[in-house]
Amino acid sequence: MSDEFLELVGAVSVGPRPRPLLLLGPPGSGRSALLFRAALASASIVSSARVLFLAPRALERLPGGKAAGGGAIQKIHFLYPSSFQELLQLVASLHQTLPNSPSMIVLDGLEEYLNSCSSACTAAQLVALLLDTSNHFTQKRSHLSVGCQLIVSMRFLGEAGEEAEHFSAIERYFPAKLWLHPDTGKDVGLDNQNLTKLIRAQLLQPGTKDQEWMVKFDAQGSMTISLLPCKNETENETVFGNRCSVSEVDTTQPSSQT
């Protein structure tokens, strides 16, 4: 896996205390494919790693084309709780039922479970339980260099409705968010003639500069990820430099006479 891909899926925080990541995007934005690649990446980079992949239903096909092959997939444990209550009970029992501490817990399609959720408060309860479970396994893996990372995907269509209410209740639990936006690629000079889908991914997390990638899918389902330069990087550096200059000038001004 490329360094760009590991950064995109939130593996910038891989370590003893990984940072939970919320993956957001509209239908058709490649959320499931990226989650599956994240699971493969986690299962590949650590020899003893195990990954738990939770979803409302089985994937119709394994995303990623040729990247889906190899032994890493054998270390991914797929479970398909069919309802919110079943998912809640499953997560609550993971610390007792999983024989090995996973290096990653992935939950795909959170919005489908929240459709039958009674309130935003109950939605927050589920996410808090997921975080507690991830932290529990991180502590059990304290003798290793990699803790247990939590990545959750959720459809997000807009700022109104029940979906937005659920989002406002859970987003505070995720300091890192990866937003996915369908893209034409024209503004970065990409020829999408042989591609079935182009997605612009933007990673936002506190304490770091925002980052963007272009995710390209071809007809065989293979995925290519390219890091994009920050649009405002040069502009921001210039502004920052100007501010420094102004500040330096200001400090040399004589104090006003009283």
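Right above here is the structure, for reference.
As the structure is a prediction and not an experimental result, all values here were calculated from the model.

Rules used throughout
Within each chain, residue numbers correspond to sequence positions counted from 1 in written order. The predicted nature of this model means local features are confined to residues of pLDDT at least 70 and side-chain atom pairs, given and counted, to a pLDDT of 80 or more, with totals for whole chains, interfaces and linings taken over all residues. With hydrogens and water set aside, each side-chain value is computed from the structure's full complement of heavy atoms. Each helix is a run of H or I in the DSSP string that is no shorter than four residues. Each strand is a run of E no shorter than two, and both are numbered from the N terminus. Here the term buried applies to any residue with accessible area under 20% of the maximum for its type, exposed to any over 50%, and partly exposed to those in between, with areas from a 1.4 Å probe on protein chains only. Contacts between residues were defined by any pair of non-hydrogen atoms, one from each residue, lying within 4.5 Å. All accessibility values rest on the Shrake-Rupley procedure with a 1.4 Å probe; residue burial counts only the protein chains present in the view. When DSSP finds at least two bridges between two strands, those strands are taken to pair. Only C-alpha atoms enter the line fits that serve as axes; for helices the fit covers just the stretch in contact. Angles between N-to-C directions range over 0 to 180 degrees. Nonpolar core, defined: a set of buried Ala, Val, Leu, Ile, Met, Phe, Trp, Tyr and Cys residues in which side-chain atoms within 4.5 Å join the residues together.

S.K.: Help me out: how do you make sense of the overall build of the protein in this one?
M.R.: Secondary structure assignment for the protein yields 7 helices and 9 strands. Within the protein, the fraction of its 258 residues that count as buried is 45%. Within the protein, residue pairs in contact and separated by at least 24 positions form 69% of the contacts whose partners lie at least 6 positions apart. Carbon together with sulfur atoms contributes 50% to the accessible area of the protein, which is approximately 13300 Å² in total.

S.K.: Just to check I follow, could you spell out the pairing of strand E4 (residues 104-107) for this structure?
M.R.: In E4, alternate side chains face the same way, and those of Met104 and Val106 on one face and Ile105 and Leu107 on the other are all buried. Judged from the 4 bridges that link them, strand E2 (residues 51-54) and E4 form a sheet pairing that is parallel. Following the sheet pairing, Phe53 is matched in E4 by Val106.

S.K.: Even after reading the chapter, I still don't get the sheet that holds strand E8 (residues 211-218), so can you show me in this structure?
M.R.: Strand pairing within a sheet occurs via backbone hydrogen bonds; the two strands may be parallel or antiparallel. An order of E3-E2-E4-E5-E1-E6-E7-E8-E9 is seen for the 9 strands of this open sheet, with the pairing classed as mixed. Where the open sheet ends on each side, the last strands, each with one partner, are strand E3 (76-79) and strand E9 (223-228). Across this sheet, the average inter-strand angle for adjacent strands is 20 degrees, counted without regard to direction. Helix-sheet contacts for helix H3 (residues 84-97) involve E2, E3 and E4, and the interaxial angle to E2 is about 165 degrees. Relative to the sheet, helix H5 (residues 120-140) contacts E4 and strand E5 (149-155), its axis offset from that of E5 by approximately 155 degrees.

S.K.: Just checking my understanding: could you explain the nonpolar core for this structure?
M.R.: When a protein is soluble and globular, its nonpolar side chains tend to lie buried together. Core analysis: the biggest nonpolar cluster contains 35 residues, and Leu54, Leu107, Leu110, Val152 and Met154 have the highest contact counts within it. Put simply, the parts of the chain that give this core at least two residues each are strand E1 (21-25), E2, H3, E4, helix H4 (110-114), H5, E5 and helix H6 (161-170). Top element by residues in this core is H5. It accounts for 8 residues. Leu107 has contacts with Leu35, Leu54, Leu87, Tyr113, Leu130, Ile151, Val152 and Ser153, leaving out every residue within four places of it along the chain. Core analysis: the second largest hydrophobic core is formed by 30 residues, Ala38, Met104, Leu178 and Ala201 among them.

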